[in-house]
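Residue-level listing of the chains:
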Amino acid sequence: MLVKKGAEANLYLESFAKALHRAGKGKVVVKARIPKRYRIAELDIRLRESRTAQEAKLLSDAKRAGVPTPVVFEVDKSNMRVVMEFVEGRQVKLVLDKLRPAGRRRLCRLIGKNIARLHRAGIIHGDLTTSNMIIKPDGRVYFVDFGLGGYDKSTEERGVDLHLMKRALQSVHFRVADRAYADILSGYREEFGEGAEEIIERAKDIESRGRYVPKEERAWR
Amino acid sequence: MICLGIEGTAHTFGIGIVNSAGKVLANSTRTYVPEKGGIHPREAAQFHAAHARAVLDEALRTAKIEIEDIDLVAFSQGPGLGPVLRTAATAARALAVWLDVPIIGVNHCIAHMEIGRLTEGARDPVALYVSGGNTQVIAFDAGHYRIFGETIDIPIGNCLDVFAREIGIPHPGGPTVEKLAKDGKNYLPLPYVVKGMDLSFSGLMTEAIRRHREGANINDLCFSLQETAFAALVEVTERALAHTEKKEVLLTGGVAANGRLREMLKLMAREHHAKFFVPPKELCGDQGAMIAWNGILAYKSGFRQSIEDTKVKQRWRTDEVEVTWRRS
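Structural notes, computed from the coordinates.

Procedures and definitions
- Residues numbered from 1 in each chain as written.
- Chains lettered and ligands numbered in written order.
- Predicted model: local features only at pLDDT ≥ 70, side-chain atom pairs only at ≥ 80, totals over all residues.
- Heavy atoms only, no water.
- Helix = DSSP H or I, 4+ residues; strand = E, 2+ residues; numbered from the N terminus.
- Rg over C-alpha atoms; globule rule 2.2 N^0.38 Å.
- Buried < 20%, exposed > 50% of the residue type's maximum accessible area, 1.4 Å probe, protein only.
- Contact = heavy atoms within 4.5 Å.
- Areas by Shrake-Rupley, 256 points an atom, 1.4 Å probe, with all protein chains shown as cover.
- Lys, Arg positive; Asp, Glu negative; His and termini not counted.
- Charge placed at Lys NZ, Arg CZ, Asp CG, Glu CD.
- Core = buried A, V, L, I, M, F, W, Y, C linked by side-chain atoms within 4.5 Å.
- Pairing = 2+ DSSP bridges.
- Axes fitted to C-alpha atoms, helices over the stretch in contact; angles between N-to-C directions.
- Polar contact = N/O pair within 3.5 Å; in protein donor to acceptor, adjacent residues only side chain to side chain.

1. A look at the overall build of chain A
- When helices and strands are counted, chain A shows seven helices and ten strands.
- On C-alpha atoms alone, chain A measures out to a radius of gyration of 18 Å, which is about the 17 Å that the 2.2 N^0.38 rule sets for 221 residues.
- With 221 residues in all, chain A has 54% of them scored as buried.
- Taking as baseline every contact in chain A between residues at least 6 positions apart, the subset at least 24 positions apart corresponds to 62%.
- Of the roughly 10400 Å² of accessible surface on chain A, 50% is carried by carbon and sulfur atoms.
- Side chains of chain A carry 46 positive and 31 negative charges; the gap between the two charge centres is 5 Å.

2. Description of the nonpolar core
- Of all hydrophobic cores here, the largest spans 61 residues; its most connected members are I156, F163, F201, F230, L233 and L261 of chain B.
- With 13 residues, helix α7 (residues 218–244) of chain B is the largest single contributor of residues to this core.
- Not counting chain neighbours up to four residues away, the residues in contact with F230 of chain B comprise I156, L160, V255, N258, R260, L261 and M264 of chain B.
- If you look at the next biggest cluster of nonpolar residues, it comprises 39 residues, including L13, L118, F143 and F192 of chain A.

3. Examining the sheet that holds strand β12 (residues 275–277) of chain B
Residues and elements named next belong to chain B.
- Taking strand neighbours across the sheet as the criterion, the five strands line up as β8-β7-β6-β11-β12 in an open arrangement whose pairing is mixed. A strand with exactly one partner marks an edge of an open sheet, and here the two such strands are β8 (144–150) and β12. Sheet twist, expressed as the mean angle between neighbouring strand axes with direction ignored, is 25°.
- Examined bridge by bridge, strand β6 (residues 126–130) and strand β7 (residues 135–141) share five bridges and lie antiparallel to one another. The partner of V126 across the bridge, within β7, is A139.

4. Thoughts on the environment of D61 of chain A
All names here are of chain A.
- Inspection of the secondary structure puts D61 in helix α2 (residues 41–64).
- Take D61: its relative accessible area is 16%, and that puts it in the buried class.
- Separated by 55 residues in sequence, D61 and G6 place their C-alpha atoms 24 Å apart.
- In this structure the side chain of D61 is engaged in a polar contact, spanning 2.5 Å, whose partner is the side chain of Y151.

Shape descriptors only; they carry no functional weight alone.
Printed below as a string of structure tokens:
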């Protein structure tokens, strides 16, 4: 059953038996990357293949780093699909605005800690939005979509990751964005420890790029 | 009501005259082309100042009106290069004071969006605005135009221009790159960088220049550069479209003249059952008509400014603008 038609991939909710093995029980999510007719085949295949393989690896590495992620059951590169555990819970996107301040603060700090764990493990999420986070009834926050992720330990890439988180908050949760981002950073600082400040500063710096600034300051040539 | 709009943010100085029915009566421009290298803000500003009078006279002649017929003066208050912005602002203030009419500062990026909505009839699009100075994916949401994606380093137009210049193609390089790309056959893998909804083109540009120095076929290289950069632009627009669930896509800015980019964006829009719009070429690039039209929209919604409020804003963000003329 198609549950989400994303920009990049379709998500299907299937029974384990149907998707993988008839002996299995329960449900799985199948993420299938769809071909895009607007880009040439070489680029299309390259992007879908690398993202499929990379996503599966990132999901398991993130889990090892202490960030809850769905278990990967199968990586099928010929069909550009990943079969993974179905995480039952609520999208953070749908709950963040509705929470009371204390609850929101707790949730945001937890998100910040998760991001710090990823970064410490050398992982860049690449698409930190509240649609890609699921909160389980037990309070754990799952990061589910690593489709644009990668491996990098540079301050720049970590800064971009944080900057994107802020941007996502501002575009979707603009009423609580500033407070939420501050709480995320507080969780991030606590978990990341030494060096967090430099990354947070870099995120601010990145925010001020990408628009007109005096010639001396920008990458114009 | 007749509004005169003055555009001056980067290379182009423009004066457009638009009436409150949305008819463009005149749209004159002059574009500064550096003798070599990239844009020099002060030289561009001097060029604009030197041509302002001629552009004004031409616009009035084309519109077949007298200067006293102007009811409102609008100008590009930002974002843009400081000296260039100040030149346009000074001209606008002088005109408004002399004619004793109201003055309104307009956001350049939003003006691109609004002229597209006017002439193409798009109601509530996700806009991909691509030029030499800006690369943004913009959509209206809860009272503001929000940026759903943008370049974190250089704009796409700048990427194409600098690449062209480095390989010996004169300014503006974009159209020539497009022509050369048509005969490209082999795709050379180049860095494709999409981070969330944001884009990066500096690595792509550097690598393309490097490949040229290594002797890569020029047609293949232009082809690969376009395919890679545009696929990234379309992907980010697609993500914004999926995210906002809007049903229209608008392409605007100077790079909108590129046929391949149009084709790709159109294909993407069709896959999402969204309508695709692109304004005529003369309204995609920088010009004064869009500034004039945005001035009328703001004025009619009750927005007023005094001369003291007209200080230029070099880094004026699209999402900081008070959009008084739109509810939904």
